[in-house]
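Listed below are the residues making up each chain.
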Amino acid sequence: MTGDELFEIDVRGRCLRVSVRRAAGPGSRVPLLLMNGIGASLELLQPFVDELPPELEVIRFDVPGIGGSPMPRLPYHMSTFAPLIGTLVRRLGYGEVDVMGFSWGGGLAQQFAAAQRKQCRRLVLAATGTGSLMVPARPNVLAKMLTPRRHRDPEYARTIAGEIYGGTMRTHPERASEVLHTYTRKGPKRGYYYQLLAGAGWSSLPGLPLIRQPTLIVAGDDDPIIPVVNARIMHRGIPNSRLHIYSGGHLALLTEAKELAPVIDRFLTE
């Protein structure tokens, strides 16, 4: 993150830790706002950001109670958090952004695109689904997602990586441990549970037709957390969407960023 601006900002009474990688050159492109997966600080996305062209401005943030953002006094919800991110975008001086949501962040990105329509030009949904109404993972995978242990224990992350992340993690589980623990910054456990609660009872499924932005859905064919059928469902429901299925698992955006970042960047520059 060398050279990135890293700061805290108060938005509607919530303090958020934000990173901005300024665009090199004239900065004529629409900035890209990234929304992260559950339990992960903004540093997790560094391998993906490193593969994006330097002329693209990139904004990341830690959700409350994760990474460097302080714990909120009360839990929050997807439906109320998306407008707060809209306020953050305005406070940072942007009229319009492109948005990419990864895993849990893909739910927030869908909510943002539907509710903050004028602020979102293009949408990318990576390794994500439609929330509580979706084709779920197997029970043994879901059980391991109920705890933040994989984010706090590198050896545990290595032992379960193949089972829950699929793709190249089946043969190289140490890479999951590396990507989860080399970059990320831990927050209190309660932050993880608040993030789980934020999606409780929430689903984008009935509202998919309300997402009108050009949308790229990126999904792996071996993702135990988000079975690929969910990407096909979103593709059918979002009117102006296209589907890119890659050979790989849930963490491929990070572990195979060299292959996926160009796909996403081409979509953003069309």
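Computed from a predicted model, the values in this text were never measured in an experiment. (Residues numbered from 1 in each chain as written. Predicted model: local features only at pLDDT ≥ 70, side-chain atom pairs only at ≥ 80, totals over all residues. Heavy atoms only, no water.)

A. Highlighting the pairing of strand 3 (residues 32-35). Of the two faces of strand 3, the one holding Leu32 and Leu34 and the one holding Leu33 and Met35 are both buried throughout. Taken together, the four bridges between strand 3 and strand 5 (residues 97-102) define a ladder with parallel strand orientation. Of the residues in strand 5, the one forming a bridge with Leu34 is Met100. (Buried < 20%, exposed > 50% of the residue type's maximum accessible area, 1.4 Å probe, protein only. Helix = DSSP H or I, 4+ residues; strand = E, 2+ residues; numbered from the N terminus. Pairing = 2+ DSSP bridges.)

B. Fine view of the layout of surface pockets. A volume near 650 Å³ is recorded for the largest pocket. Together, 24 residues line the largest pocket, and Trp104, Gly131, Met134, Leu142 and Leu196 are the ones closest to its centre. Here the lining of the largest pocket gets three residues from one element, more than from any other, and that element is helix 8 (residues 189-198). Counted as a void, the second largest pocket has a volume near 180 Å³. Taken together, the residues that form the lining of the second largest pocket break down as six nonpolar, one polar and three charged. (1 Å grid on protein atoms, 1.4 Å probe; cavity = no way out; pocket = protein on both sides within 12 Å on 5 of 7 lines; lining within 4 Å. Points joined across faces, edges and corners; volume = space filled by probe spheres on them. Nonpolar A, V, L, I, M, F, W, Y, C, P; charged D, E, K, R; others polar.)

C. Local environment of the side chain of Thr130. Relative to the assigned elements, Thr130 resides in the loop between strand 6 (120-126) and helix 4 (139-145). Of the polar contacts made by the side chain of Thr130, one reaches the backbone oxygen of Leu133; its length is 2.5 Å. Beyond its immediate stretch of four places on either side in the chain, Thr130 contacts Gln110, Trp202, Ser203, Ser204, Leu205, Leu208 and Met234. (Polar contact = N/O pair within 3.5 Å; in protein donor to acceptor, adjacent residues only side chain to side chain. Contact = heavy atoms within 4.5 Å.)

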